[in-house]
Amino acid sequence: MSAWDRVRAGAVSTIQIITRIGRSTANASRSAGKTTVGATVKVGRATRRVTHAGGAGRTGLGRLIELTAVHSAGDALVTLALAGTLLFGLPVDEARGQVALYLLITMAPFAFVAPFVGPALDRLRSGRRFVMAGTLIARGLLCWGMAAAVQHNDVVALFPAAFAVLVLSKAFNVSRAAIMPSVLPAEIPLVTANSRVGLAALVAAGVAAPLSIGLSALIGPDWVLRIAMAVFIAAGVFAVRLPRHVDAPDAEPPAPDGRGRWRTMLNLGPVVGEAMRANAALRVFSGFLLLFMLFLVQEGHLPGLDPKITLALLAAAAGLGAVFGTAVGSWFRSHAPHVIVLTTLGAATVVATVTGLTFGLVAALIVALAGAVAQSLAKVALDAIVQREIMEEVRSSTFGVSEALLQIAWVFGGLLGLGLSLLPDGTPGLLTMAVGLGGTLVLLLVRRVRRTRAGEREPRRGQAVAVPDVVPEPPQAVPEREKPTGREPRRHPVSPDAVTEPGPVAPDPSRDGHTRPLPNPTWAGNE
């Protein structure tokens, strides 16, 4: 065998080996691809079964849950893509001032949402799907602009875009909460439906958050914002595909003096007002815990583990608490939402007191878990109360007030946490919050008792008065031309088409003298 034959035989053998390796790699890739696609399809089908269970797929609640999940994933991408420059890229003292400035800036969107966006959404109820789609698509375009601002370090363009993103996010949340009763199946109560939506949002954010962190380190935050743009635009398409019955006829314009709008914003009724105050106290507690624990760990006032590990454990506890609180809300089918709100406020007070007296790493993890559970569960109950008590014509305005109040309360709690984190120990801060939570609970209970006693003594203004069991007959006037004949007058049958004057209404024996309930009891006593 010549040398050329040996070279040719070796080349043929090499080509055959490479071909076998290529075929094996292709087969392995094909199998892996089929496995990945199959797993993705199975996860998608399982998710669809969960979101569409209990009649949710028939009424459109399932689509609303999926839309909220996509929206929450986009929020997580944007938030974590921008968070590094505020918290972790600066020394502690400088970061404290930057965070305080950021908190004050975030109050502006909610001061804008309450007086303007809420009433505007109430007057555009016939196009709610397109309003939600517009907010999502606009956020996608703003994310593209923020990506360019981050790439070129253009702070002047970044902050207005971030402001607009926050406003549009709250407008979406207000619209989503307002249409919940229109997609509610008969088999699912409001608390359970809100819990499903909140749980889907938390799971989606939990999946998107580590992806955002990893992609920011790998390809940069500007590209993460561009990915968020695609997510928001896809969510806008999903919003248009919501069922048509979520759109309602447009509301009539308010009175020229503006009484209708301001009455909606200021007089929310005792039940809704009580739930909002309790949620505001818990939101103050949540904002306080986030920044209080963050700066305590960064300054070394919470020893035991490495600061990064401690922060990861605290974040895991808070995330687990949020998921657990939202999931627990779906189990309270037969409990009144206002009872849930007051119970969570009392539990948060007890936990803050105990962990403040025994402050340490374990106590910090417990209070982070309990605070997240209380906030999530109380928010689910508040949404159910508003959706049940407030009529559809002003529901968006009420949710606008709720979102503004809760976010301002969270900002106030965060600023309070920044200030109290300057102390070398966490006990004074937690005990301060325990006193505030306990005082709010006592105040709400005292007002509830007074309201109950006042209702027992006399009916509220605007409420119908009970009809007595015996209605006296008015005296019958004798006509002048009619002469008594000594016998009963002949009674003629009355035609069913004859128009008669309204007379006294006999009482309904089944009501036992009670009044008929008001169509909207939350407005009683607030004139």
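Residue positions are given per chain, counting from 1 as you read along its sequence in written order. Side-chain atom pairs in this predicted model are given and counted only at pLDDT of 80 or more, local residue features only at pLDDT of at least 70, and totals for whole chains, interfaces and linings cover all residues. Only hydrogens and water are set aside; all other atoms, that is, all heavy atoms of the structure, feed into the side-chain values.

A. How the structure looks around the overall build of the protein chain. Counting secondary structure elements, the protein chain contains 15 helices and zero strands. Exposure classes here rest on a 1.4 Å probe applied to the protein chains alone. A residue is buried below 20% of its type maximum, exposed above 50%, and partly exposed in between. Here the protein chain, with 527 residues, has 42% of them falling under the buried criterion. Considering only residue pairs separated by 6 or more positions, the protein chain has 88% of its internal contacts joining residues 24 or more positions apart. When the accessible area of the protein chain is evaluated, it comes to approximately 28,700 Å², of which 66% is carbon and sulfur surface. Secondary structure is summarised from DSSP: a helix means a run of H or I of at least four residues, a strand means a run of E of at least two, and numbering begins at the N terminus for each. Residue contacts follow a heavy-atom distance rule, with two residues in contact if any of their heavy atoms lie within 4.5 Å. Per-residue and other accessible areas were derived by the Shrake-Rupley procedure at a 1.4 Å probe size, with only the shown protein chains allowed to occlude residues.

B. Focus on the pattern of salt bridges. Put simply, a salt bridge is a Lys or Arg side-chain nitrogen that is within 4 Å of an Asp or Glu carboxyl oxygen. Within the structure shown, the criterion is met by eight salt bridges. Between E274 and R448 there is a salt bridge, with its nearest N and O atoms 2.7 Å apart. Placement of E274 in helix 10 (residues 270-298) and of R448 in helix 15 (residues 427-457) is noted, with a sequence separation of 174 residues between them. A salt bridge links K379 to E403; its shortest N-O distance comes to 3.8 Å. Within this pair, whereas K379 is found in helix 13 (residues 361-389), its partner E403 is found in helix 14 (residues 395-420), the two being separated by 24 residues in sequence. With relative accessibility at 12%, the residue E403 sits in the buried group. Taken together, the shared-partner salt bridges connect K170, K379, D383 and E403 into one network.

C. A look at the environment of V70. Take V70: it is sitting in helix 3 (residues 61-87). Given a relative accessible area of 22%, V70 falls into the partly exposed group. With near-sequence residues (within four places) excluded, V70 lies in contact with V231, A235 and F238.

D. Representation of the packing of aromatic side chains. Within 6.5 Å between ring centres, the rings of Phe, Tyr and Trp (the latter by its six-membered ring) count as paired, and their orientation is classed by plane angle as stacked under 30 degrees, edge-to-face over 60, tilted in between. Tallied over the entire structure, the rule returns one aromatic pair. For the ring pair F288 and F292, a centre distance of 4.6 Å and an interplane angle of 20 degrees mean the geometry is stacked. Taken as a pair, F288 and F292 lie in helix 10 at a separation of four residues, close to a single helical turn. For F292, a relative accessible area of 0% corresponds to the buried category. A ring is scored as having a charge over it whenever the NZ atom of a lysine or the CZ atom of an arginine sits within 6 Å of its centre and within 35 degrees of its normal. Over the ring of W144 we find R226; its NZ or CZ atom is 5.3 Å from the centre of that ring. In this structure, R226 is placed above the aromatic ring of W223, and the distance from its NZ or CZ to the ring centre is 4.5 Å.

E. Helix 14, seen in detail. Every helix has an expected span of 1.5 Å times one less than the residues it contains. Taking 1.5 Å of rise per residue, 26 residues should cover 38 Å, and helix 14 covers 37 Å from first to last C-alpha, within 8% of that figure. For helix 14, the tally of buried residues reaches 20 of 26 residues, placing the bulk of the element in the interior.

F. Main features of the packing of helix 7 (residues 190-219) against helix 13. Comment: axis = line fitted to C-alpha atoms, over the contacting stretch for helices; angle = value between 0 and 180 degrees taken between N-to-C directions. Contact geometry for helix 7 and helix 13: axes closest at 8 Å, N-to-C directions at 130 degrees. It follows from the interaxial angle that helix 7 and helix 13 lie oblique. At the point where helix 7 passes helix 13, the crossing takes the right-handed sense. Here helix 7 contributes L190, V191, N194 and S195 to the contact with helix 13, which in turn contributes V380, D383, A384, Q387 and R388. Looking at side-chain class alone, the contact of helix 7 with helix 13 contains four nonpolar, three polar and two charged residues. When describing relative orientation, an angle under 35 degrees is termed roughly parallel and one over 145 degrees roughly antiparallel, while 65 to 115 degrees is termed roughly perpendicular and anything else oblique. Take the far helix as the reference: if the near one is turned anticlockwise from it by less than a right angle, the crossing is left-handed, and if turned clockwise, right-handed. For this classification, the nonpolar set comprises Ala, Val, Leu, Ile, Met, Phe, Trp, Tyr, Cys and Pro, the charged set comprises Asp, Glu, Lys and Arg, and every other residue, Gly included, is treated as polar.

G. Spatial organisation of helix 11 (residues 307-329). Taking 1.5 Å as the rise per residue, helix 11 with 23 residues should run 33 Å; its terminal C-alpha atoms sit 33 Å apart, in good agreement. For helix 11, the complete set of buried residues consists of T310, L314, A317, G321, A322, G325, T326, A327, V328 and G329. If you check the start of helix 11, you find a side-chain oxygen 3.1 Å away from the backbone N of K308, and it comes from D306. Whenever two N or O atoms come within 3.5 Å, that pair is a polar contact, provided that in protein one can donate a hydrogen and the other can accept it, and provided that, for residues adjacent in sequence, both atoms are side-chain atoms.

H. Just the packing of helix 10 against helix 12 (residues 337-357), in detail. Interhelical geometry of helix 10 versus helix 12 gives an angle of 30 degrees and a closest axis separation of 10 Å. Classified by the angle their axes make, helix 10 and helix 12 are roughly parallel. As for how helix 10 packs across helix 12, the hand of that crossing is left-handed. For the pair formed by helix 10 and helix 12, the contact residues are E274, A275, A278, N279, A281, L282 and F285 on the first element and H338, V341, L342, T344, L345, A348 and A352 on the second. Looking at the contact of helix 10 with helix 12, its residues break down into 10 nonpolar, three polar and one charged.

I. Focus on the nonpolar core. Nonpolar cores were defined as sets of buried Ala, Val, Leu, Ile, Met, Phe, Trp, Tyr and Cys residues, with membership established by side-chain atoms within 4.5 Å. One finds F285, M293, L345 and L437 to be the most contacted residues of the largest nonpolar core, which totals 53 residues. For this core, the secondary structure elements donating two or more residues are helix 6 (155-178), helix 10, helix 11, helix 12, helix 13, helix 14 and helix 15. A per-element tally of this core places helix 10 first, with 15 residues. Excluding its chain neighbours within four sequence positions, the residues that come into contact with M293 are F288, L314, F359, A364 and V367. Counting residues in hydrophobic clusters, the runner-up holds 45 residues, among them A133, C143, A161 and V380.

J. Summary view of the environment of A409. The residue A409 is located in helix 14 in this model. The class for A409 is buried, based on a relative accessible area of 9%. A C-alpha to C-alpha distance of 9.8 Å links A409 and R277, two positions 132 residues apart in sequence.

K. A look at a nonpolar patch on the surface. For patch detection, residues must exceed 30% relative accessible area and be free of salt bridges, and they are connected within 9 Å for like charges or within 5 Å for nonpolar side chains (Val, Leu, Ile, Met, Phe, Trp, Tyr). Taken together, L218, I219, W223 and I227 make up a surface patch of nonpolar side chains, about 410 Å² in accessible area. Contributing elements (two or more residues each) for the nonpolar patch: helix 7 and helix 8 (221-240). Tracing the backbone through its elements, the reader meets I219 in helix 7. Given a relative accessible area of 38%, I219 falls into the partly exposed group.

L. Quick look at the side chain of R176. Among the secondary structure elements, R176 is positioned in helix 6. Counted as positive: Lys and Arg. Counted as negative: Asp and Glu, with His and the chain ends omitted from the count. Here R176 sits buried without a salt bridge, and the closest side chain of opposite charge, D383, lies 4.7 Å off (N-O distance). If sequence neighbours within four positions are ignored, R176 has contacts with L64, T68, M132 and V197.

M. Representation of the confidence of the model for the protein chain in the model. On a range of 0 to 100, pLDDT expresses the predictor's confidence in each residue. Mean pLDDT over the protein chain: 75, with 66% of residues reaching 70 or higher. The least confident element of the protein chain, judged by mean pLDDT, is helix 9 (residues 259-266) at 45; the most confident is helix 12 at 92. Under a pLDDT of 50 for its full length, residues 255-265 has, in the predicted model, 12 contacts with residues more than four places off or in other chains. Confidence over residues 478-527 falls short of pLDDT 50; this stretch has 44 contacts with residues more than four positions distant or in other chains.

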